[in-house]
Amino acid sequence: MNNGLAHEFHRKRMIMITSTPAARRGRPRAFDREAALEKAMQAFWARGYDGTSMAQLVEAMGINSPSIYAAFGSKEGLFF
């Protein structure tokens, strides 16, 4: 699957997942989503996508990895 198709599939999948009632249940997020995205963007700019590990994103964003996965789905979801 080329990158364009993979990105479109991922985008549609994320819309489907986040629009379900189950996605809206649970505790409210304990972090500022926009601030977290800004910190992740800075980490990606400094090291590139492949050069930025999840451990580095956890450190840069100040959020544990389960919270990152719950909020963004994956490293790729965070990047795009």
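Criteria and thresholds
Residues numbered from 1 in each chain as written. Predicted model: local features only at pLDDT ≥ 70, side-chain atom pairs only at ≥ 80, totals over all residues. Heavy atoms only, no water. Phe/Tyr/Trp six-rings, centres within 6.5 Å; stacked < 30°, edge-to-face > 60°. Helix = DSSP H or I, 4+ residues; strand = E, 2+ residues; numbered from the N terminus. Buried < 20%, exposed > 50% of the residue type's maximum accessible area, 1.4 Å probe, protein only. Contact = heavy atoms within 4.5 Å. Core = buried A, V, L, I, M, F, W, Y, C linked by side-chain atoms within 4.5 Å. Expected span 1.5 Å × (residues − 1). Arc of directions from axis to C-beta. Polar contact = N/O pair within 3.5 Å; in protein donor to acceptor, adjacent residues only side chain to side chain.

Asks: Please clarify how the packing of aromatic side chains should be interpreted in this entry.
Replies: Both the distance between ring centres and the angle between the ring planes are used here to describe each pair of aromatic rings. One pass over the full model with this rule turns up four aromatic pairs. For the pair Tyr 49 and Phe 79, a centre-to-centre distance of 4.9 Å together with 65° between the ring planes defines the contact as edge-to-face. Taken together, the residues Tyr 49 in the loop between α3 (33-47) and α4 (54-61) and Phe 79 in helix α6 (residues 75-79) connect sequence positions 30 residues apart. Given a relative accessible area of 28%, Tyr 49 falls into the partly exposed group. For Phe 79, a relative accessible area of 38% translates into the label partly exposed. Aromatic ring contacts, followed pair by pair, group Phe 44, Tyr 49, Phe 79 and Phe 80 into a single cluster.

Asks: Looking at this structure, how should I read the environment of Ile 68?
Replies: Position of Ile 68 relative to the elements: it lies in helix α5 (residues 65-72). Among the residues examined, Ile 68 registers a relative accessible area of 0% and is labelled buried. Sequence-distant contacts of Ile 68, defined by excluding residues within four places in its chain, comprise Met 54, Leu 57, Val 58, Met 61, Ile 63, Gly 73 and Leu 78.

Asks: What's the story with the nonpolar core in this structure? I'm lost.
Replies: Across soluble globular proteins, nonpolar side chains have a tendency to be buried as a group. Grouped together as the largest cluster of nonpolar side chains are twelve residues: Ala 36, Ala 40, Ala 43, Phe 44, Met 54, Leu 57, Met 61, Ile 63, Ile 68, Ala 71, Phe 72 and Leu 78. Elements with a contribution of two residues or more to this core: α3, α4 and α5. Here this core gets four residues from one element, more than from any other, and that element is α3.

Asks: What am I meant to see in α3 here?
Replies: Each α-helix turn comprises 3.6 residues. Residues three or four places apart therefore point the same way. In this model α3 runs 21 Å from its N-terminal to its C-terminal C-alpha over 15 residues, within 8% of the 21 Å that 1.5 Å per residue would give. Turning to α3, its buried residues number three or more, namely Ala 36, Ala 40, Ala 43 and Phe 44. Along the axis of α3, the buried residues cluster in a sector spanning 95°; they form a single face. Seen from the open side of α3, the exposed residues pointing more than 90 degrees away from its buried face are Glu 34, Trp 45 and Ala 46. At the N-terminal boundary of α3, the capping side chain belongs to Asp 32, with an oxygen 3.0 Å from the backbone nitrogen of Glu 34. Positioned one or two residues after α3, Gly 48 has a phi angle of 80°, which is positive.

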